[in-house]
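Below, each chain spelled out in residue letters.
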Amino acid sequence: METMSVRLEFHGDLVALLKRNENKPETARLLFRTACAKDLIESQGVPHTEVGYITTGEGCECSFMYIPRFGETLHVWAHTPPVDVTRATLLFPNPLEDVSFIVDVNVGRLAKLLRLAGFDTLYHPDWDDDRIAEIAEGEGRIVLTRDRELLKRNAVTWGRLVRTSDPWDQFGEIVSFFGLEERIELFSRCPTCNGILEAVEKEEIIDRLEPLTRLMYNTFTRCPRCGQIYWRGSHHSHIREKLAASLKKSIFDPKG
Ligand SMILES: [Zn+2]
């Protein structure tokens, strides 16, 4: 009956995402129907955002819209990090102008860490999948989530199924995956609202400081969006160390 089926063979970390029908690990699936590659792949539990490229049995690359013939095998390959979202590929022909994120509520704490590292990151606990997909499409943002169904949407072009559960691990995972280590600018963005922090003179804000802060610190930044004031306290070195540990390297911060 092989001639009446399409065979999908999954590679790399995509195998771990396959819906399991049985207890034995398997990398290939026989589907007794055909449809476009995106639909066939996603029917097996793998969102299209997780696929780096697809090759036919003849070794040619094909797009998500490709409809395989019965008897044909499609090889489905994972991304090879670091993934550069500003570069077009056959599967992702419309690259982003720059890296920015929108974070789903199921990985909400990751949003704060990405902002602390200076990455433009939108997050709101009340946003549902519709809203997230709409913003991602409209503003060209990468969706970060643990929800596969959100990533299967056609409106979501760029996204990543976050694999780890600890927020610090997630930070390391995402920064490494998109190759952003060199672009980290610690404490340049407001962790609360995503505003870009500006240096502010101590005299200007001195009446808003607690007595001890007034005494101990001289360098301050302020968020022009929400008005929050920040200074370099001991929590800064703690955050820097935690982020560095999640990347397994030191984070250079000239302003620190
Ligand atoms: Zn702010």
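It should be noted that the structure appears before, not after, this text.
Residues numbered from 1 in each chain as written. Predicted model: local features only at pLDDT ≥ 70, side-chain atom pairs only at ≥ 80, totals over all residues. Heavy atoms only, no water.

**Looking at the sheet that holds strand 3 (residues 51-56)**
Backbone-to-backbone hydrogen bonds pair the strands of a sheet. The strands run either parallel or antiparallel.
Turning to step 1, where the next piece is worked out: Strand order across the open sheet formed by five strands is 2-1-5-3-4, with mixed pairing between neighbours. Every interior strand has two partners, whereas the edge strands, strand 2 (28-31) and strand 4 (61-62), have only one.
Turning to step 2, where the next piece is worked out: As defined by bridge partners, strand 3 adjoins strand 5 (residues 73-78) across five bridges and the pair is classed as antiparallel. Bridge pairing links Ile54 to Val76 in strand 5. (Pairing = 2+ DSSP bridges. Helix = DSSP H or I, 4+ residues; strand = E, 2+ residues; numbered from the N terminus.)

**Observations concerning the coordination of the zinc ion**
Turning to step 1, where the next piece is worked out: Distances from the zinc ion to its protein donors, Cys190 (SG), Cys193 (SG), Cys223 (SG) and Cys226 (SG), fall at 2.2 to 2.3 Å.
Turning to step 2, where the next piece is worked out: Angles of 95 to 119 degrees at the metal separate the four donor atoms of the zinc ion, which places the site in the tetrahedral class.
Turning to step 3, where the next piece is worked out: Within one chain, the residues donating to the zinc ion are spaced in sequence as C-x2-C-x29-C-x2-C. Within this pair, whereas Cys190 is found in the loop between helix 5 (167-177) and strand 10 (198-200), its partner Cys223 is found in the loop between strand 11 (220-222) and strand 12 (229-231), the two being separated by 33 residues in sequence. (Donors = N, O, S within 2.8 Å, 3.2 Å for Na, K, Ca; no water. Tetrahedral: all angles 85-135°; square planar, octahedral: opposite > 155°, others 65-115°.)

**Some words on the packing of helix 2 (residues 108-116) against helix 5**
Turning to step 1, where the next piece is worked out: Closest axis-to-axis distance for the helix 2/helix 5 pair is 9 Å, and the angle between their directions is 60 degrees. Between helix 2 and helix 5, the angle is such that the two are oblique. Read as a crossing pair, helix 2 and helix 5 show a hand that is right-handed. Contacts between helix 2 and helix 5 involve Arg109, Leu110, Leu113 and Leu114 on the former and, on the latter, Pro167, Trp168, Gln170, Phe171 and Ile174.
Turning to step 2, where the next piece is worked out: Here the contact of helix 2 with helix 5 is composed, by residue class, of seven nonpolar, one polar and one charged. (Axes fitted to C-alpha atoms, helices over the stretch in contact; angles between N-to-C directions. Parallel < 35°, antiparallel > 145°, perpendicular 65-115°, else oblique. Left-handed = near helix turned anticlockwise from the far one by under 90°. Contact = heavy atoms within 4.5 Å. Nonpolar A, V, L, I, M, F, W, Y, C, P; charged D, E, K, R; others polar.)

**A word on empty space enclosed by the protein**
Turning to step 1, where the next piece is worked out: Enumeration according to the criterion identifies one cavity of 30 Å³ or more in this entry.
Turning to step 2, where the next piece is worked out: The computed volume of the largest cavity comes to approximately 50 Å³.
Turning to step 3, where the next piece is worked out: Taken together, Thr49, His79, Val83, Val85, Phe92, Thr157, Trp158, Gly159, Phe177 and Phe178 make up the full set of residues lining the largest cavity.
Turning to step 4, where the next piece is worked out: The class makeup of the residues in the lining of the largest cavity is six nonpolar, four polar and no charged. (1 Å grid on protein atoms, 1.4 Å probe; cavity = no way out; pocket = protein on both sides within 12 Å on 5 of 7 lines; lining within 4 Å. Points joined across faces, edges and corners; volume = space filled by probe spheres on them.)

**Thoughts on the pairing of strand 5**
Turning to step 1, where the next piece is worked out: In terms of strand pairing, strand 1 (residues 6-10) meets strand 5 through four bridges, oriented parallel. Note on strand 5: the bridge partner recorded for Arg7 is Thr73.

**Some words on the pattern of salt bridges**
Turning to step 1, where the next piece is worked out: Taken as a whole, this structure holds 15 salt bridges when the rule is applied.
Turning to step 2, where the next piece is worked out: The closest approach of N and O atoms between Lys38 and Glu42, which form a salt bridge, is 2.9 Å. Placement of the pair is Lys38 and Glu42 together in helix 1 (residues 37-42), with a separation of four residues, close to one helical turn. Here Lys38 and Glu42 have matching classes, each one buried.
Turning to step 3, where the next piece is worked out: When salt bridges that share partners are traced, they join Asp13, Glu50, Arg160 and Arg163 into one network. (Salt bridge = Lys/Arg side-chain N within 4 Å of Asp/Glu carboxyl O. Buried < 20%, exposed > 50% of the residue type's maximum accessible area, 1.4 Å probe, protein only.)

**Concerning the packing of aromatic side chains**
To describe a pair of aromatic rings, one takes the distance between the centres and the angle between the planes.
Turning to step 1, where the next piece is worked out: Applying the stated rule across the entire model yields eight aromatic pairs.
Turning to step 2, where the next piece is worked out: Their ring planes at 10 degrees and their centres at 5.7 Å tell us that Tyr53 and Trp77 sit as a pair that is stacked. Remark: Trp77 occurs in strand 5 and Tyr53 occurs in strand 3; sequence separation between them is 24 residues.
Turning to step 3, where the next piece is worked out: Judged by relative accessible area, which is 31%, Tyr53 ranks as partly exposed.
Turning to step 4, where the next piece is worked out: Relative accessible area serves as the criterion here: at 27%, Trp77 is assigned to the partly exposed category.
Turning to step 5, where the next piece is worked out: Within the aromatic cluster, the residues linked to one another by ring pairs are Phe101, Phe119, Phe177 and Phe178.
Turning to step 6, where the next piece is worked out: Across the ring face of Phe177, the terminal group of Arg160 is positioned such that the distance to the ring centre comes to 3.7 Å. (Phe/Tyr/Trp six-rings, centres within 6.5 Å; stacked < 30°, edge-to-face > 60°. Lys NZ or Arg CZ within 6 Å of the ring centre and 35° of its normal.)

**Here we look at the sheet that holds strand 6 (residues 101-103)**
Turning to step 1, where the next piece is worked out: Ordered in space as 7-6-8-9, the four strands form an open sheet in which the pairing is parallel. Looking along the sheet, the strands with just one partner apiece sit at the ends: strand 7 (121-123) and strand 9 (159-161). If you compare each strand with its neighbour and ignore which way they point, the axes differ by 20 degrees on average.
Turning to step 2, where the next piece is worked out: In terms of strand pairing, strand 6 meets strand 7 through three bridges, oriented parallel. Within the sheet, the bridge partner assigned to Phe101 lies in strand 7 and is Thr121.
Turning to step 3, where the next piece is worked out: With respect to the sheet, helix 2 is in contact with strand 6, strand 7 and strand 8 (142-145), its orientation differing from that of strand 7 by roughly 150 degrees.

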